[in-house]
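The lines below spell out each chain.
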Amino acid sequence: MTGRGAPGGGDERDPAPAVHPDDEPDLLRDQFRQLLRYRRLIALGIALGVLGGGWLGVSGADSYTATTEITVRPLPLDSSGATSAPGGTSMGSERRTALSSVVAERAADTLDSGRRPQQLAAGLQVTNPPDTRMLRFSFTAHSPRAAARGADAFAAAYLGNREQDAEARAASMVDSYEKQREPLLKERDRLAEEIASSGREGALDGTLSAHSSVVSRIAELDGSISDLRAEDTTPGRVVTEAVPPDAPAGPGLLLMLGLGAAVGVGLGLLAAWVRLVFDPAVRTPGDVVRALHAPVLGTLPRGRGRRRGKRAERRARSRPLLAGGRLAEEYRSVAFRLAYDETFARRRRVLVVPPRGGIDTALAASVNLSASFAEMGKEVLLLEADLRTPSLTERLRHADGLRPGGTSRPEAGGWARAPGHGTIGWPAGHRVPIDAGESGVFDLVPGHRVSKVPRALTSSAVTQLIGYADDSDSVLLVLAPAVLSYADAIALIDRVDCVLLVCDPREVRRDDLARVRELVAGAGGCVLGALLHSEGTGGDSGRGGVSGPAAPPDRGAAPRTRPAEFVREGVGLRVLDR
C-alpha cells in the first residue's frame, strides 16, 4: 500500500469559520483581554496622565482669577468720523480692541509691575456675554490682590483708550470744520465790504444772495462745531469691580490627578490597541483558530518558570519524556479528541510538527500521545522522521529481547513485520518497543542521520511503513522537524494526511500559522488542530509537574519488577530486557 489517498475531509477545514452575531460579545471580551496583556503600555499611559494632571494641579494651585465687568456706551462717531447709528457698536471689534497691545501697554503703565505688556496680556481673558454690550475682563495672577489689580487696570486702560480715541476723533472733526470755515469767513467779510461800499440799495441782488449763502454755511459749520464740542465721549462705565478671590482658579490637585489618571487610561488603552493591531505575534487561542482554521485541541499547563539559554535546554532534555499529573491528563484529552475526530478516525495517522524552531516539545508530545493511544488499546507506531538532528535515539534505550508489538498484541503480524531496508539506510527494518509503564507498549522507529533526507522520506520503505496504519486498531504518529524550516514535513503530508501543530503562541506569528495552513492544504493534507504550550513545558515529569487534585498515578512510574526480567531505566520511559 502506498498510503496515498484523499485527505479525508481536509477541504472541509479550509474555509474560515463564520462569525455568528452572538459571538461578538465574546470577541470583544477576547480583544479586551488581549489589550490587558500590554500592561506596561497601559501603566505608562496612566503614569503620564497622573504626572500631567499633577503638574497642572500644582501649577494651577497658586493661580487666582479676578473679574471686572463694564458696559460699552455707543459713541456718536465711529473710527472713520461718520456718525454711528444707535446700537451700531460692534462688540467683536471692541473685544479685539480690549485684547490689543495698545491697551496692554496702558495697563502695564498703570500697574508698574516691571513685567512686559505681552506677559501681562497672557493672563487676560476678555469675553462678551451674548446679546449684551458688556465686556468681562478676567485676569489671572499668582496672588488674589494682583489678580484684582490686573483686572481693574485692563478695564480702566480699555475705557481710557476708548475715551481718548473718541476725543481725538471729535477734535479732528472740529479742526476740519474750522478749516472749512476760515475761507468762508473771509468771503463773508469781502461781500459785506462790497455791500457797504455800494449802499444797500445799490448793491446787486447777486452780491446779496452770495452773502446770505456764505453766512448760512458759516452758521452750519458753527453748529456742527458746537455739537462736537458738546458731545459726551464717555466710553462706558464699570459695572462690577474686581474683588480679590478667596480660592485658586484651578480645579484642584485631587481633581486634576483623577482627570489625569482617566486620560492616562485612555492613552494607555489606545497605545495598547495600536500595539495589538501591529503586533504579528499570536496572543490567544482565538488567534490560532482564526489563522489555522482549525481548533485548539489542548493547552499544556505552564511550567514553574520560563527558562532560556543552553543550560535550560540541557535541563529540559534531561527530564523524563513521559508526563504525569495535569500534563499527562492534558495529553490524554488531546488523544481522545483526536480519536473522536472523523478525519483522523478514517486515516488513523497524524504528523506532529512545530511551525518553526526547536522540536523538543513536539517530541515530548508525540511520545505522550503514543502512550495515550496505547493506553486506549491501540497498536501505536511512532516514526521519528527527523533525520537531520534525531534526538530520540539519545534519550531512549533499546529493548533487546522484546519483539515489536509483542506485548500488547503478539498475534498481529502487521506491526511485527519489518519493512524492507531503505536504499539509503533508513528505515532499516529496525523497530524498538517502548514500555510506557501503565499505559502499555508502543513501537518506535528511531531516526538517524542520512546523507539524502528527501530521498529517504519519499522512499518506498517509508510508504510501506506508513501504510501499516490501515489496520483498524493501529495508529501512526510521525515526528518531523519544523514545517517552516525544512520541507521534510511537506514530503510526508501526502501520505500521512493529518497534521497536529505543536507551538508556543508567544513565539509564533499569525502569518506563520497561515503559511503552515497553506502549505499543508497545498500538499493535500489538513490541519487537525493545534497543541499549545508555553516555554518550559516541553517535557514535564510527574514529580516536577504541577499535579491537580486527585490526579491519577503517573503512567511513567515503574511497574513491579518481575523476577524473570532485568529492568533498565531510560529517560522517562522503560525498556525491558528478558
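Above: the structure in question.
These numbers come from a predicted model, not from an experiment.

Undergrad: Would you explain the overall build of the chain in this entry?
TA: Of regular secondary structure, the chain possesses 20 helices and 14 strands. Across the 578 residues in the chain, those meeting the buried criterion constitute 44%. For the chain, the proportion of contacts with a sequence separation of at least 24, taken over those separated by at least 6, is 82%. Of the accessible surface of the chain, which amounts to about 29,400 Å², a share of 53% is contributed by carbon and sulfur atoms.

Undergrad: Hey, could you run me through helix α10 (residues 285-292) in this one?
TA: Because each turn of an α-helix spans 3.6 residues, side chains separated by three or four positions in sequence point in the same direction. For α10, the complete set of buried residues consists of D287, V288, A291 and L292. Each buried residue of α10 sits inside an arc of 115° when the element is viewed along its axis, so together they form one side. Just beyond α10, the residue with positive phi is H293, at close to 60°.

Undergrad: It is not clear to me how unusual backbone geometry should be interpreted in this structure. Could you clarify?
TA: Keep in mind that most residues, glycine aside, have a negative phi and that most peptide bonds are trans. Notably, D131 is not glycine yet its phi reads approximately 60°, a positive angle. Inspection of the secondary structure puts D131 in the loop between β2 (124-127) and β3 (134-141). Classification of D131 by relative accessible area gives exposed; the value is 84%. The backbone phi angle of H293 is positive, close to 60°, even though this residue is not glycine. Turning to its location among the elements, H293 is positioned in the loop between α10 and β5 (296-299). Exposure remark for H293: the relative accessible area of 16% places this residue in the buried category.

Undergrad: Please clarify how the nonpolar core should be interpreted in this entry.
TA: One broad trend across soluble globular proteins is that nonpolar side chains are buried collectively. Formed by 41 residues in total, the largest nonpolar core has its most connected members in Y331, F442 and L477. The element that contributes the greatest number of residues to this core is helix α14 (residues 360-375), accounting for nine residues. Once residues lying within four places of it in the same chain are set aside, the contact partners of L477 are V350, V352, S366, L369, S370, F373, V380, L381, L382 and L383. Counting 40 residues, the second-largest nonpolar core is a separate cluster that includes V282, A294, V445 and V483.

Undergrad: How do you make sense of the sheet that holds strand β4 (residues 236-240) when you look at a structure like this?
TA: Strands belonging to one sheet form pairs held by backbone hydrogen bonds; the direction of such a pair is parallel or antiparallel. Strand order in the open sheet made by the four strands is β2-β3-β1-β4, with antiparallel pairing throughout. Because the sheet does not close on itself, it has two edges, and the strands there are β2 and β4. Pairs of neighbouring strands in the sheet enclose a mean axial angle of 25°, with direction left out of account. The sheet contact formed by strand β1 (residues 64-72) and β4 spans four bridges and is antiparallel. Paired with V72 across the strands is G236, a residue of β4. Packing against the sheet, helix α4 (residues 91-98) makes contact with β1, β2 and β3, and its axis sits at approximately 25° to β3.

Undergrad: Is there a simple way to explain the pairing of strand β6 (residues 349-353) in this structure?
TA: Put simply, side chains in a regular strand alternate between the two faces of the sheet. Burial of β6 is extensive: five of the five residues sit out of reach of the surface. With four bridges connecting them, β6 and strand β10 (residues 474-479) associate as parallel partners. Counterpart to R349 in the pairing with β10 is L476. Two strands pair when backbone bridges link them, and β6 and strand β11 (residues 498-503) are joined in this way by three bridges, in the parallel orientation.

Undergrad: Whenever I open this one, the pairing of strand β8 (residues 432-435) confuses me. Can you help?
TA: A two-sided burial pattern is seen for β8, the buried positions comprising V432 and I434 on one face and P433 and D435 on the other. Note: β8 against strand β9 (residues 441-445), four bridges, orientation antiparallel. Each residue of the ladder has a partner; that of D435, found in β9, is V441.

Undergrad: Just to check I follow, could you spell out the side chain of R349 for this structure?
TA: Of note, R349 is situated in strand β6. Among the polar contacts listed, one links the side chain of R349 to the backbone oxygen of R495, at a separation of 3.0 Å.

Undergrad: What exactly am I supposed to notice about the pattern of salt bridges here?
TA: Pairing between side chains of opposite charge can happen when the charged atoms of each approach one another. Throughout the structure, instances matching the rule amount to 18 salt bridges. Here R190 makes a salt bridge to E194, at a shortest N to O gap of 3.5 Å. With R190 and E194 both in helix α7 (residues 144-198) and four residues apart, this pair spans about one turn of that helix. Of the residues examined, R190 reaches a relative accessible area of 42% and is grouped as partly exposed. Between R356 and D512 there is a salt bridge; the shortest N-O distance is 3.1 Å. Here R356 is found in the loop between β6 and α14, whereas its partner D512 is found in helix α20 (residues 510-522), with 156 residues between them in sequence. Taken together, the salt bridges that share partners define one network made up of E187, R190 and E194.

Undergrad: Hey, could you run me through the packing of aromatic side chains in this one?
TA: Working definition: an aromatic ring pair is given by the centre-to-centre distance plus the angle between the planes. Applying the stated rule across the entire model yields four aromatic pairs. Relative to Y340, the ring of F336 has its centre 6.3 Å away and its plane inclined at 25°; by these criteria the two rings are stacked. Judged by relative accessible area, which is 38%, F336 ranks as partly exposed. For the ring pair F344 and F373, a centre distance of 5.6 Å and an interplane angle of 25° mean the geometry is stacked. Here F344, found in helix α13 (residues 342-347), pairs with F373, found in helix α14; they are 29 residues apart in sequence, far enough to count as distant. Judged on exposure class, the residue F344 and its partner F373 are both buried.

Undergrad: In this structure, what is going on with the packing of α7 against helix α8 (residues 205-230)? I would like to understand it.
TA: Two numbers describe a pair of packed helices, the interaxial angle and the distance between the axes. Contact geometry for α7 and α8: axes closest at 9 Å, N-to-C directions at 155°. Judged by the inter-axis angle, α7 sits roughly antiparallel to α8. When you trace α7 past α8, the crossing you get is left-handed. Across the contact of α7 with α8, the residue classes tally to 17 nonpolar, four polar and eight charged.

Undergrad: Can you walk me through helix α12 (residues 326-339) in this structure?
TA: If you check α12, its first and last C-alpha atoms are 20 Å apart, about what 14 residues at 1.5 Å a residue would give, namely 20 Å. Taken together, the buried positions of α12 are occupied by L327, A328, Y331, R332, V334, A335 and L338. Taken end-on, α12 shows its buried residues confined to a sector of 160°, consistent with a single buried face. Close packing links the buried residues of α12 with β5, α13, α14, β11 and β12 (526-532).

The rules we used
- Residues numbered from 1 in each chain as written.
- Predicted model: local features only at pLDDT ≥ 70, side-chain atom pairs only at ≥ 80, totals over all residues.
- Heavy atoms only, no water.
- Helix = DSSP H or I, 4+ residues; strand = E, 2+ residues; numbered from the N terminus.
- Buried < 20%, exposed > 50% of the residue type's maximum accessible area, 1.4 Å probe, protein only.
- Contact = heavy atoms within 4.5 Å.
- Areas by Shrake-Rupley, 256 points an atom, 1.4 Å probe, with all protein chains shown as cover.
- Arc of directions from axis to C-beta.
- Core = buried A, V, L, I, M, F, W, Y, C linked by side-chain atoms within 4.5 Å.
- Pairing = 2+ DSSP bridges.
- Axes fitted to C-alpha atoms, helices over the stretch in contact; angles between N-to-C directions.
- Polar contact = N/O pair within 3.5 Å; in protein donor to acceptor, adjacent residues only side chain to side chain.
- Salt bridge = Lys/Arg side-chain N within 4 Å of Asp/Glu carboxyl O.
- Phe/Tyr/Trp six-rings, centres within 6.5 Å; stacked < 30°, edge-to-face > 60°.
- Parallel < 35°, antiparallel > 145°, perpendicular 65-115°, else oblique.
- Left-handed = near helix turned anticlockwise from the far one by under 90°.
- Nonpolar A, V, L, I, M, F, W, Y, C, P; charged D, E, K, R; others polar.
- Expected span 1.5 Å × (residues − 1).

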